[in-house]
Amino acid sequence: MQISNGHRPELRLLRVAPQVFASTPDDAVDRPVLGLIRGSERSLMIDAGASPEHARAFLGACAAELGPAAARMPDAAALTHWHWDHSFGLSAIAAPCYAHEACAARLRGLRGLSWSDEALRDRVARGLEIQFCADMIALEYGERRDIQVRVPERTFTQAQTLELGDETVELLPIESDHSDDCVVALARRARVAFLGDICGAAYYERPVAYRAGRVLALFERLWALGADIFIEGHDEPRRRDEFFYGYADLIAAARALQAGESDRRALIAIGLDAKPEADLPELHRTVAFLLSGEAGPTRTRR
């Protein structure tokens, strides 16, 4: 599959657990991880991808790796949140889709919009879209922008349990700064958690923000899941200790901020103490997001 800009993404399929699979992300066009959880009776796809082409490439990789039994469509899909790179491939999935009620509402609001360069520029100027997303949509779709936004049919606001046959998947709404509709998909037997972008900041706010209390509550919930493997939307799978250490600087700075420390340099030093090899520019951004969250944003988060 070739995207119109000439970029040829290499979609690799990783076997995360005996019956759990995940694609590799592609940062060049912001394609996230897609997942497949297979039970003895049913299969569930996690997230739908940035485009129908992305979704079909993932399903093709599953069929090539797993054989004819995996060549059919999954029996159901689930979205971790509404953002375009996780949801715009849903029109290529001929299966019912589970999502948070707020996710369905967001996608319903996108139906009928124009995705031309002019329309995207206008929405960016009005604060309704992010420039990065506009740029990535242009790369993913090229000049052809006939984007068909499908709205999930099976919506919920409370935890849902899906029985796949020898595997149970819990769809868990968890509060996050990144979006108001974030859902974690936990394969209970495999002890694998698909997180989407739940650990991300509120990028649709100006200024971009993290709330210290919400960050700490989020990581407490993730710790309590008891998962052994965590899969974020734009990263390869990580073991439990590696995942939590990856956010040690954010967690330490959030704790210090909640305890009353508000000096930027002090918060950066606290983050470095917790994670000495932290990327310093990224840590500066993280602390800036935390301080923005403390001050309060000028826009309602999405």
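Residues numbered from 1 in each chain as written. Predicted model: local features only at pLDDT ≥ 70, side-chain atom pairs only at ≥ 80, totals over all residues. Heavy atoms only, no water.

Chemist: What am I meant to see in the pairing of strand β2 (residues 20–23) here?
Modeler: Two faces make up the sheet, and in a regular strand the side chains alternate between them. Burial along β2 is two-sided: the residues V20 and A22 and F21 and S23 are all buried. Where strand β1 (residues 13–17) meets β2, 4 bridges bridge the pair, whose relative direction is antiparallel. Directly across from R15, in β2, lies its bridge partner F21. Where β1 folds back on β2, the antiparallel hairpin that results is connected by 2 residues. (Buried < 20%, exposed > 50% of the residue type's maximum accessible area, 1.4 Å probe, protein only. Helix = DSSP H or I, 4+ residues; strand = E, 2+ residues; numbered from the N terminus. Pairing = 2+ DSSP bridges.)

Chemist: How do you make sense of the packing of helix α6 (residues 212–224) against helix α8 (residues 248–258) when you look at a structure like this?
Modeler: Two quantities define a packed helix pair, namely the angle between the helix axes and the distance between the axes. Direction vectors running N to C along α6 and α8 enclose 130°, while the axes themselves pass 9 Å from each other. Overall, the two elements α6 and α8 adopt an arrangement that is oblique. For the pair α6 and α8, the sense of crossing is left-handed. Contact residues: A212, G213, V215, L216 and F219 in α6; L250, I251, A254, R255, L257 and Q258 in α8. Per-class residue counts for the contact of α6 with α8 are 8 nonpolar, 2 polar and 1 charged. (Axes fitted to C-alpha atoms, helices over the stretch in contact; angles between N-to-C directions. Parallel < 35°, antiparallel > 145°, perpendicular 65-115°, else oblique. Left-handed = near helix turned anticlockwise from the far one by under 90°. Contact = heavy atoms within 4.5 Å. Nonpolar A, V, L, I, M, F, W, Y, C, P; charged D, E, K, R; others polar.)

Chemist: Teacher, can you tell me more about helix α9 (residues 264–274) here?
Modeler: An α-helix turns once every 3.6 residues. As a result, residues three or four positions apart point the same way. All buried positions along α9 are accounted for by L267, I268 and G271. Taken down its axis, α9 places every buried residue within 100° of arc, on the same side. Turned more than 90 degrees off the buried face of α9, the exposed positions are R265 and D273. The inward-facing, buried residues of α9 abut α8 and α10 (280–295). N-cap assignment for α9: the residue whose side-chain oxygen lies 3.2 Å from the backbone N of R265 is D263. (Arc of directions from axis to C-beta. Polar contact = N/O pair within 3.5 Å; in protein donor to acceptor, adjacent residues only side chain to side chain.)

Chemist: What is the right way to read the packing of helix α4 (residues 117–125) against helix α5 (residues 131–141) from this model?
Modeler: At a closest axis distance of 9 Å, the pairing of α4 and α5 adopts a crossing angle of 170°. When the axis of α4 is compared with that of α5, the two are roughly antiparallel. At the point where α4 passes α5, the crossing takes the right-handed sense. Counting all contacts with α4, which are made through D117, L120 and V124, the residues of α5 involved are Q131, A134, I137 and A138.

Chemist: Help me out: how do you make sense of the pattern of salt bridges in this one?
Modeler: Side chains that differ in sign of charge can pair as their charged atoms come close. Counted under the stated rule, the structure contains 16 salt bridges. With a closest N to O distance of 2.4 Å, R188 and E170 form a salt bridge. Separated by 18 residues along the polypeptide, R188 in the loop between β10 (183–187) and β11 (192–196) and E170 in strand β9 (residues 168–173) bring together distant segments of the chain. The class for E170 is buried, based on a relative accessible area of 18%. Taking the shortest distance from any N to any O, the salt bridge between D228 and R191 comes out at 2.8 Å. Highlighted residues: D228 in the loop between α6 and β12 (229–232) and R191 in the loop between β10 and β11, separated in sequence by 37 residues. In the salt-bridge network here, residues are joined through shared partners; they are E175, D177, E205, R211 and R214. (Salt bridge = Lys/Arg side-chain N within 4 Å of Asp/Glu carboxyl O.)

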